[in-house]
Every structure is written in structure tokens, then in C-alpha cells.
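Descriptive analysis of the structure
If you want the building blocks of each chain, they are given just below.
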Amino acid sequence: MRYYLIAGEASGDLHASHLMQSLKEADAQAEFRFFGGDLMQAVGGTLVKHYRELAYMGFVQVALHLRTILGNMRLCKEDIVRWKPDAVILVDYPGFNLNIAKFLKAKTLIPVYYYIAPKIWAWKEYRIKNIRRDVSELFSILPFEVDFFERKHHYPIHYVGNPTACEVADFRSSYTEQKEDFCRRNGLKPDRPIIALLAGSRRQEIKGNLPAMIRVGSELTDYQLVLAGAPGIEESFYEDFLRGTNVRMVKDQTFALLSHAHAALVTSGTATLETALFGVPQVVCYHTVLPHFIGFMRKIVLSVRYVSLVNLIADREIVKELVANLFTDANIRHELSVLLEGEARQRMLDGYREISRTLGTQKAPDQAARLMVSLLARN
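So, here is what we can say about the structure in this document. These numbers come from a predicted model, not from an experiment.

Glancing now at the side chain of H50. Inspection of the secondary structure puts H50 in strand 3 (residues 46-50). The exposure class of H50 is buried, given its relative accessible area of 8%. Beyond its immediate chain neighbours, meaning those up to four positions away, H50 contacts G36, G37 and D38.

Next up on the list: the packing of helix 10 (residues 203-217) against helix 11 (residues 235-242). The interhelical angle for the contact between helix 10 and helix 11, taken along N-to-C directions, is 35 degrees, at an axis separation of 10 Å. At the point where helix 10 passes helix 11, the crossing takes the right-handed sense. The segment helix 10 lies against helix 11, with R203, I206, K207, L210, P211 and I214 engaging F237, Y238, F241 and L242. In terms of residue class, the contact of helix 10 with helix 11 is made up of eight nonpolar, no polar and two charged.

Another aspect to go through is the sheet that holds strand 7 (residues 158-159). Within a sheet, each strand pairs with its neighbour through backbone hydrogen bonds, oriented either parallel or antiparallel. Spatial strand order, 3-2-1-4-5-6-7: seven strands in an open sheet with parallel pairing. In the strand order of this sheet, the two ends are held by strand 3 and strand 7, each with one partner.

This part is about the pattern of salt bridges. Enumeration over the complete set of coordinates arrives at 20 salt bridges. For the salt bridge of R203 with E234, the shortest nitrogen-to-oxygen distance reads 2.7 Å. One end of the pair, R203, is in helix 10; the other, E234, is in the loop between strand 9 (224-229) and helix 11, and 31 residues separate them in sequence. What makes R203 partly exposed here is its relative accessible area of 32%. A relative accessible area of 37% means that E234 is categorised as partly exposed. Between E219 and R333 there is a salt bridge, with its nearest N and O atoms 2.7 Å apart.

The next subject is the packing of helix 1 (residues 10-26) against helix 8 (residues 163-174). Two numbers describe how helix 1 lies on helix 8: the axes approach to 11 Å, and their chain directions differ by 80 degrees. The orientation of helix 1 with respect to helix 8, classified from their angle, is roughly perpendicular. Packed against helix 1, whose contacting residues are L14, H15 and H18, the element helix 8 presents P163, T164 and E167 at the interface. Residues belonging to the contact of helix 1 with helix 8 are distributed by class as follows: two nonpolar, three polar and one charged.

Quick look at the pairing of strand 8 (residues 194-198) now. In terms of burial, strand 8 is largely enclosed, as five of its five residues are buried. Residues I194, A196 and L198 line one face of strand 8 and the alternating positions I195 and L197 line the opposite face, and both faces are buried. Bridging between strand 8 and strand 9 involves four bridges; their strand directions are parallel. Bridging across to strand 9, I195 finds its partner in L225. Read from strand 8 through helix 10 to strand 9, the crossover connection turns out right-handed. Across five bridges, strand 8 lies against strand 11 (residues 261-267) in parallel orientation. Pairing of I195 across the sheet is with A263, part of strand 11.

The rules behind these values
- Residues numbered from 1 in each chain as written.
- Predicted model: local features only at pLDDT ≥ 70, side-chain atom pairs only at ≥ 80, totals over all residues.
- Heavy atoms only, no water.
- Helix = DSSP H or I, 4+ residues; strand = E, 2+ residues; numbered from the N terminus.
- Buried < 20%, exposed > 50% of the residue type's maximum accessible area, 1.4 Å probe, protein only.
- Contact = heavy atoms within 4.5 Å.
- Axes fitted to C-alpha atoms, helices over the stretch in contact; angles between N-to-C directions.
- Left-handed = near helix turned anticlockwise from the far one by under 90°.
- Nonpolar A, V, L, I, M, F, W, Y, C, P; charged D, E, K, R; others polar.
- Pairing = 2+ DSSP bridges.
- Salt bridge = Lys/Arg side-chain N within 4 Å of Asp/Glu carboxyl O.
- Parallel < 35°, antiparallel > 145°, perpendicular 65-115°, else oblique.
- Right-handed = clockwise from strand over helix to strand, strands pointing away.

Dropping the structure here:
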């Protein structure tokens, strides 16, 4: 069967590539065409547009690139109709993907499968109307979404397990490099504990979060700071931030870095869950413009108490979230210092084990692929 996938950022490229591999195992005749990235391309198929040409974040960036965004949407719709896939698989990226789903429902008979459900439980809950109307099947990777979609909105979904949990478990089962070897290979000091900096996957996030992370982390002279370079962000982009500091950067080694880190400063997103699953105590950081205004509006606009996946899955505070007006050097300094040793560190590690049990051991891409192939076979 023919599958057309749309992933609009680095994390989507990762998850979609694993789903594609699972689809190949479940369907020997699988063919792929996609908007995505290098990881999807490595699995096979035709890359129509790279996610680097899609990832615009924030009102200003979207407004400045509106013509490009609309052009990409038009290209995507025309390409899908021309290729005639058996299914279109949308991967997160709701601003773009829900528009595609609306078009497909109105103009075609192609089923739309949404893998990694849009996070409408956080904000824009009204989008449930679009999802109910336009999405044939919804595949969730977060256990608490079952209650939200099925009990609150009476829209049945498939919880298939969490792909991040699968990816971390697979990596940890096969990774054998010792800290000394990792450090020597990357020009680090084997005898000093590591504080990992995960500053986001988009340029705007990195610009907002990384300077404060470096300022605070550099005060801890007994530790070494190591930045995880984001996929799709060229090394030259980081030069202005790292010049004149002792921060080292590693690229395409985030999981290896977390395997050896003592603590971490992490921008909210999937990285918070990855960090938790590696058992690394963390402070969640997220810079915003107009922080006091955003801090006030957050209480009004957001439908949830937390922004990090760790706290959302646990439904309680396990990691400290320094978002908007709480994102200050003083707060980062305090929260990081209490995690380096002692009771607060141990409480967080205990909470991480709770998260791991909640997510379960299902292999999300395999489960989703089997369901998709089975559903298509019935039609």
C-alpha cells in the first residue's frame, strides 16, 4: 500500500521514520512519499519537502513567511491528490496538518490517520470539532489522552504506547560506552560530572533559553557544561552563544550525553521526557517574550496545570517548571543546585520510575503500524 506522511519538525521526522520502518515490516508492499527529514529519507521513499522549509514558530515568524507556508500547503495537497495514496499519515504539527486533513476530508476519499495526537488538551480545545470531522483514526502516545478524547469528548482513539520510551529503552539496552570513553571522544574531562544543556530544537527556543542556561551553569565550576546540538540546526548557529565560554557541544549524541549526565537544564518538550527516562534530574526552562504578561495569560489560556510531559503524565509536579516570568537566573540557579545531591534529587528519581511504569512497554510504532495496516485491509 501507499502511505503519504507529513512531519514538520525534527521530532516528527524521528517518530515518522520509526513508524515507516514498522510499516515496512507489517506491509511488504509499503511505498512512501512524504514531507519530512533525513531520518525518513533513510528509511526509503520520496522526500517532497524537508521540514527545515516548514518549521516556523510564533506569530511573527508565521506572518513573515505566510506566503511560503501557504505555498507549501498547496504543494502538499496537490501532491497527495496526484499520487493517490491509500492513507495519509499526519505526525503531530497540527497547524499545518489539520489544514491538510480538512482538505482531504472535503475533496477526497483518502483516509487520514493522525499519529501523535495534537495536544488540544493544553490549548485550542475547540480543534476537537475538526479532528472528529476530518480524522479517520487517531493514534495517541500519551496515556492521559485516552480520558481526554474518549471520556470528555466521546471520540475513540488508539493508545499505542510511547515512542520516546521505546527509543530510550532500545538505546539503553545496546549502549555500552563508558563515561571516560565518551568524554575522551568528545574532548571532555572524564573526572568532572556533566550538566547537560538541552536548549530546544528551534532557533527561537535556543536564542531564548541557551544564554541563561550557560550563565547559571558556568557558575558551577566543579561541573562541565555540555550542549546537545539539535538536529537540523547547523553548528555555526551556536557559535555566538558558545564563544568565550567553556561549554562544549556534541551533535547527534543526545542519548549518549544523557547516559552520562549528572543533571540537566531542559527546554520544555519531548526532551523533558527523554531526560526523565534516562534518570537525569532536570530543571525545565522556557523563555518567552513579555514574560510577566505570558505568565498571567498562561493561567487563562492553558487548560492544564503543567507544560512538561513529565508532570503531565504524572498529573503532579515531579520536575520544576520555570516558564515565562519564572524563568530567571536566580530561579534556575536555586532549582539546579538542589538537584545536584540530596533528598530533592532522590524524590525526582522516584517520580521518574512512576512515569516509566505509566507509559508501559508497548512498542508504539509497531503497534500503530499493525493497526493501520489492519484498518486499511478492512476497506
